[in-house]
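Read off the chains here:
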Amino acid sequence: MFERNTPGWRVDAKWLSGILLVLTLVVFVPLLGLSQLTARERALPLLEGILRLTLMPPGSEGVVEAVREEVGYRPGEPLEVLPGTGVVIGPDEIAQASAPVAARLIAQALSVQVIEEGAPAVVERLSGSPIAEQFARALDGSARDLVRASLLSALMPSGLDNGSRLANWPLQAQRNPGEPVQPVVGVFVRIPPAELRSLNERQIGERVVVELADILMASGLEAAREQVTNVNLTARLTESATGAARERLEELFGTMLVARHEEIGERLEQARAAIQAQVSGSDQPDLGVVRSEELAGLTPESANALVIGRLAERAYEGGSEAVLAAIEESEQSERLASVAGLMDALSRQAHARYLRNTWLAGLLAILLLAALVTTSRGWGRLANPGLALIVAASGGALLSLRLAQITSSAGSSGLPTSIQAQGVFGYLLQLAGYAGASLPAGGVELMLRNHLALLVIGGALVVSSVLLRFMGGIRPRRRSFI
């Protein structure tokens, strides 16, 4: 940049434009890298890596249970109170419905289905529902006991407790050795005679009623009624099954659903919010992440991958607040809060900001480059811009190289705690290491590649200026013949 016989103002303008160009390029290259990293196709894998590392540290089970379930409710349609149950409430009832009332509707519907169709049909219908496993155990245990107790209470006084309805089952066993017998007249329930010999008359009646209750639980009331030909017993069976037995099942199911009141309440609130948003004409974001139907049949790894992908999309579109609003589990929410700044730096809003600033810095760099070339003379018109590019890129290249080294060994880096506890430098260093552990291959190298490209361009300009000066020095001068 040193030239002789040049006006002072020109030298000052050249130095000023060169220094400003260096400073502008120092800002431009990182902004360019950030705008590239925060493009959707690059940002989503970055966010997925950060979320996976934050929410699923070594030894964790997953994130599916920690996120809110998506209601996916469209105003004007019925709302399924609890996914997989098939129990819905009309759109006009949503505004006034409460979680206990909705849970009672589920309990009523399931108790009726058990009596009419049997337990296996209900278990199959609940497949994929969050309450499927719990209800399957109950239907195989306490629910069956309640039905047995209800039928015993109703049918035993009709001659089954005193032996007045007993058939001559010993004669049946004698005539058909090895075959089950029908111990009660009018009830086609057959039992091996070996099981009856040690029982008294009342116990035989109880044994028959228990078998009848098990048929009801297995195939429904109609199948149980087909086994009874006595009019009095049929009436008592029907009355008990649709009355006391159903009411006891409803009470049992209602108690089991108490733990789901909060979940049901959230679904109602989200449905009401969707209706209100439609009325007001505003967009109401759904706090839920996935629907239970989407998770049905998936392995834990696939389910977690689906949830992480959905959370990454939310983080990109709405920043850390959108992700934190979708997390129910407090411990994981706290972990996410510690990297909220990192997620916000990779969001769509951040991308737009980086892109705008990149264009501004790029335009300013072009103007300063033009000023530097204009105020330079001769070979300096190549050398001076080249030197400016080299100076601007050298520091960034070294820093990017150091960052690549940090992130390559950041596998054991933990979550950053706070700026107050670690200091600004320590916090940023640990945050960089933590982010690096989640970056896909090539994430950090993009920054390094941009700085190296600037170095190569600058070096090429300097080398070109030297070659031009050298060629000008060895070129023979033309002689004058005049």
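Above this text sits the structure in question.
Computed from a predicted model, the values in this text were never measured in an experiment.

On to the pattern of salt bridges. All told, the structure shown has 14 salt bridges when counted by the stated rule. For R207, the salt bridge is made with E195, and the minimal N-O distance between the two is 2.6 Å. Highlighted residues: R207 in helix α9 (residues 201-219) and E195 in helix α8 (residues 193-196), separated in sequence by twelve residues. Bridged by salt links that share partners, the residues R40, E317 and R348 form one connected network.

Before going further, it helps to spend a moment on helix α6 (residues 142-160). Along α6, the sharpest kink reaches roughly 35°, centred on A154 and followed within four residues by the proline P157. When we look at burial in α6, the residues that qualify are A143, V147, S150, L151, A154, L155, M156, S158, G159 and L160. Buried-residue contacts for α6 involve α5 (132-139), α9 and α11 (231-256).

As a further point, take the packing of aromatic side chains. Applying the stated criterion across every chain yields a total of one aromatic pair. Cation over ring: R353 sits above Y354, and NZ or CZ is 5.8 Å from the ring centre.

Below, the discussion takes up helix α14 (residues 300-325). The periodicity of an α-helix, 3.6 residues per turn, causes residues three or four positions apart to be oriented the same way. Between its first and last C-alpha atoms α14 spans 23 Å; for 26 residues at 1.5 Å apiece the expected length is 38 Å, and the helix comes up short by more than 12%. When the local axis directions of α14 are compared, the greatest deviation, roughly 135°, occurs at G318. The complete set of buried residues in α14 reads A303, N304, V307, I308, G309, L311, A312, A315, Y316, G319, S320 and V323.

Rules used in this analysis
- Residues numbered from 1 in each chain as written.
- Predicted model: local features only at pLDDT ≥ 70, side-chain atom pairs only at ≥ 80, totals over all residues.
- Heavy atoms only, no water.
- Salt bridge = Lys/Arg side-chain N within 4 Å of Asp/Glu carboxyl O.
- Helix = DSSP H or I, 4+ residues; strand = E, 2+ residues; numbered from the N terminus.
- Bend = angle between axes of the 7 residues up to and from the residue.
- Buried < 20%, exposed > 50% of the residue type's maximum accessible area, 1.4 Å probe, protein only.
- Contact = heavy atoms within 4.5 Å.
- Phe/Tyr/Trp six-rings, centres within 6.5 Å; stacked < 30°, edge-to-face > 60°.
- Lys NZ or Arg CZ within 6 Å of the ring centre and 35° of its normal.
- Expected span 1.5 Å × (residues − 1).

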